[in-house]
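Summary of the model geometry
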Amino acid sequence: QVQLVESGGGLVQPGESLRLSCDTSESVTSTYGLGWYRQAPGKQREFVASIASGRKTHYADSIIGRFTISLDGANTVYLAMNSLKPEDTAVYYCNRVPPLAFWGQGTQVTVSS
């Protein structure tokens, strides 16, 4: 059974930091990476960051230099988010890259003063 359990979200002020965690049954393979996605209110879910075989990372343009994706072992993926902006407010999800049809519940990140 697929497991995607996100945690670590919260309410922060602009400029502050958060670290999201994802415990998953999935692993990085030669075919699939692991990644983070987000969905802001009224918008479609979008790609944020991924990590692939060989620890190669890829980021959306909007978060380059502020967010860092990393792995701890085979099944825990983190997203360190610095210099948060109000436009980063969203529900954040982890999933394979490309994603499975199944999604976890996500974790809410709210950036507001």
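These notes cover the structure that comes with them.

About the criteria used
- Residues numbered from 1 in each chain as written.
- Predicted model: local features only at pLDDT ≥ 70, side-chain atom pairs only at ≥ 80, totals over all residues.
- Heavy atoms only, no water.
- Helix = DSSP H or I, 4+ residues; strand = E, 2+ residues; numbered from the N terminus.
- Buried < 20%, exposed > 50% of the residue type's maximum accessible area, 1.4 Å probe, protein only.
- Contact = heavy atoms within 4.5 Å.
- Pairing = 2+ DSSP bridges.
- Core = buried A, V, L, I, M, F, W, Y, C linked by side-chain atoms within 4.5 Å.
- Salt bridge = Lys/Arg side-chain N within 4 Å of Asp/Glu carboxyl O.

What follows is about the environment of Ala90. Mapped onto the fold, Ala90 is located in strand β9 (residues 90–97). Judged by relative accessible area, which is 1%, Ala90 ranks as buried. Taking the C-alpha atoms as reference, Ala90 lies 9.5 Å from Gly106; in sequence the two are 16 residues apart. Excluding its chain neighbours within four sequence positions, the residues that come into contact with Ala90 are Arg38, Gln39, Ala40, Thr107, Gln108 and Val109.

This brings us to unusual backbone geometry. A negative phi holds for most residues other than glycine; trans holds for most peptide bonds. The omega torsion of the bond from Val97 to Pro98 falls at -10 degrees, within 30 degrees of zero and hence cis. Structurally, the position occupied by Pro98 is in the loop between β9 and β10 (107–111). One non-glycine residue, Arg55, adopts positive backbone phi at about 60 degrees. Take Arg55: it is sitting in the loop between β5 (46–52) and β6 (56–59). One non-glycine residue, Ser83, adopts positive backbone phi at about 50 degrees. Here Ser83 is to be found in the loop between β8 (76–81) and β9. We classify Ser83 as partly exposed; its relative accessible area is 40%.

Another aspect to go through is the pairing of strand β3 (residues 18–24). The buried fraction of β3 amounts to five of the seven residues, a majority that puts the element mostly inside the structure. For strand β1 (residues 4–7) and β3, the ladder comprises four bridges, and the chain directions are antiparallel. Residue pairing in the sheet places Val5 in a bridge with Asp23 of β3. Bridging between β3 and β8 involves six bridges; their strand directions are antiparallel. Its bridge partner lying in β8, Asp23 is registered against Thr76.

So, on to the nonpolar core. Counting residues in hydrophobic clusters, the biggest one holds 26 residues, and the most contacted among them are Trp36, Leu79, Met81 and Tyr92. Residue assignment for this core shows that the elements contributing at least two residues are β3, β4 (33–39), β5, β7 (67–72), β8, β9 and β10. Setting aside its immediate chain neighbours within four residues, Tyr92 contacts Glu6, Leu20, Trp36, Tyr37, Arg38, Val48, Phe67, Leu79, Met81, Gly106, Thr107 and Val109.

Counted under the stated rule, the structure contains four salt bridges. Across the pair Arg38 and Glu46 runs a salt bridge whose closest N-O atoms are separated by 2.7 Å. For Glu46, a relative accessible area of 37% translates into the label partly exposed. Asp88 serves as the salt-bridge partner of Arg38, at 3.0 Å between the closest nitrogen and oxygen.

Shape descriptors only; they carry no functional weight alone.
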